[in-house]
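This is what each chain is made of:
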Amino acid sequence: MLTKQQIRYCLDKMGEMFPDAHCELVHKNPFELLIAVVLSAQCTDALVNKVTKHLFEKYKTPEDYLAVPLEELQQDIRSIGLYRNKAKNIQKLCAILLENYNGEVPNDRDELMKLPGVGRKTANVVVSVAFGVPAIAVDTHVERVSKRLGFCRWKDSVLEVEETLMRKIPKEEWSITHHRMIFFGRYHCKAQAPQCDRCPLFDLCREGKKRMRQRGESRARAK
DNA sequence: AACTCGGGGCA
DNA sequence: TGCCCAGAGTT
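This structure is a prediction, so every number in the text was calculated from the model and none was measured. (Residues numbered from 1 in each chain as written. Chains lettered and ligands numbered in written order. Predicted model: local features only at pLDDT ≥ 70, side-chain atom pairs only at ≥ 80, totals over all residues. Heavy atoms only, no water.)

J.: Please give an account of the environment of R148 that cites residues and values.
T.: Positionally, R148 belongs in helix 9 (residues 140–149). The class for R148 is buried, based on a relative accessible area of 6%. Separated by 63 residues in the primary sequence, R148 and R211 place their C-alpha atoms 10 Å from one another. Each residue touching R148, except ones within four places of it in the same chain, is listed here: W154, C189, K190, A191, P194, C205, R206, E207 and R211. Within the structure, the side chain of R148 is placed 2.9 Å from the backbone oxygen of A191, a separation counted as a polar contact. (Helix = DSSP H or I, 4+ residues; strand = E, 2+ residues; numbered from the N terminus. Buried < 20%, exposed > 50% of the residue type's maximum accessible area, 1.4 Å probe, protein only. Contact = heavy atoms within 4.5 Å. Polar contact = N/O pair within 3.5 Å; in protein donor to acceptor, adjacent residues only side chain to side chain.)

In structure tokens form, the structure reads like this:
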């Protein structure tokens, strides 16, 4: 595992590579952010943004989402995957917001996780982006990058990854860390084709060196 | 821990 | 046309 100092170095480099790292989901308020993040599960932010553009014109409040039949809401988000379940979850979630939270989005991670369709990652994104609460949302990008570089152990669960990152990174940097790692993971340290040959972190990266060795060996075999 | 839900994007 | 993308919930 890398030291705190090494991790800090990595995060600084990621910041240089992606100085504009930010939450890519379009939203104007906590409620729209919550809807956008729930929709974003298992699909790209770009695709969600296409849907929410129209969605947020039509639906402004929790009441609006409950005022239409389920089938209509499903059709409105049809172009993203898992849309049937997501539409159901959004209507349930809006009913709970009205019932228990006065129609407002709670600013507490554990309260958010009680809502249907809201897991740990979604809750962390909402509290950190909408309410400025320090949090590290561990999605597959953050998990993959953490494991490849050695921010955490290979066999760590998602929860263990989050705990390890929180232990190794100063609290003030949790939120920006999450965005930097997502950009780094999505555009550079990709799942299938990581750009190891032009990576400023190659010298620290155990997985990068391993991959390069394997590539060399397969070339040698081919000859 | 493994499985299921799913359409869009891209090769 | 078939693989890849990428969380929550359930068993």
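Now, onward.
J.: Describe the protein's contact with DNA strand C, listing the residues and the values that go with them.
T.: Around DNA strand C, 16 residues are found, and the nearest of them are Q42, G117, T122, H141 and Q192. The protein-proximal atoms of DNA strand C, defined as those within 4 Å of the protein, are 60% sugar or phosphate. Here a phosphate oxygen of DNA strand C sits 2.6 Å away from a polar atom, N or O, in the side chain of T122. Of all the elements in the fold, those that place two or more residues in the surface near DNA strand C are helix 8 (120–131) and helix 9. By residue number, the principal contributor to the surface near DNA strand C is helix 8, which donates three residues. (Near = heavy atom within 4 Å.)

J.: How would you explain the protein's contact with DNA strand B if you had to name every residue and give the values?
T.: Taken together, the residues surrounding DNA strand B are Q42, L47, K50, R78, S79, I80, G81, L82, Y83, R84 and N85. Protein-adjacent atoms of DNA strand B, using a 4 Å cutoff, are sugar or phosphate at a proportion of 69%. A distance of 2.9 Å separates a base nitrogen of DNA strand B from a polar backbone atom of Q42. At the level of elements, helix 3 (45–58) and helix 6 (83–100) are the ones that each hand at least two residues to the surface near DNA strand B. Across the surface near DNA strand B, the residue classes break down as four nonpolar, four polar and three charged. (Nonpolar A, V, L, I, M, F, W, Y, C, P; charged D, E, K, R; others polar.)

J.: Before we move on, could you go through the pattern of salt bridges and cite the residues and values that matter?
T.: Taken as a whole and judged by the stated rule, the model has 15 salt bridges. Between E32 and K28 there is a salt bridge, and its shortest N-O distance comes to 3.9 Å. On the basis of relative accessibility, which here comes to 68%, the residue K28 falls in the exposed class. Salt-bridge contacts for E207 lead to K210; the nearest nitrogen and oxygen are separated by 3.7 Å. Here E207 and its partner K210 are both found in helix 12 (residues 206–222), three residues apart, which amounts to about one turn of the helix. Here K210 falls in the partly exposed class, since its relative accessible area comes to 37%. (Salt bridge = Lys/Arg side-chain N within 4 Å of Asp/Glu carboxyl O.)

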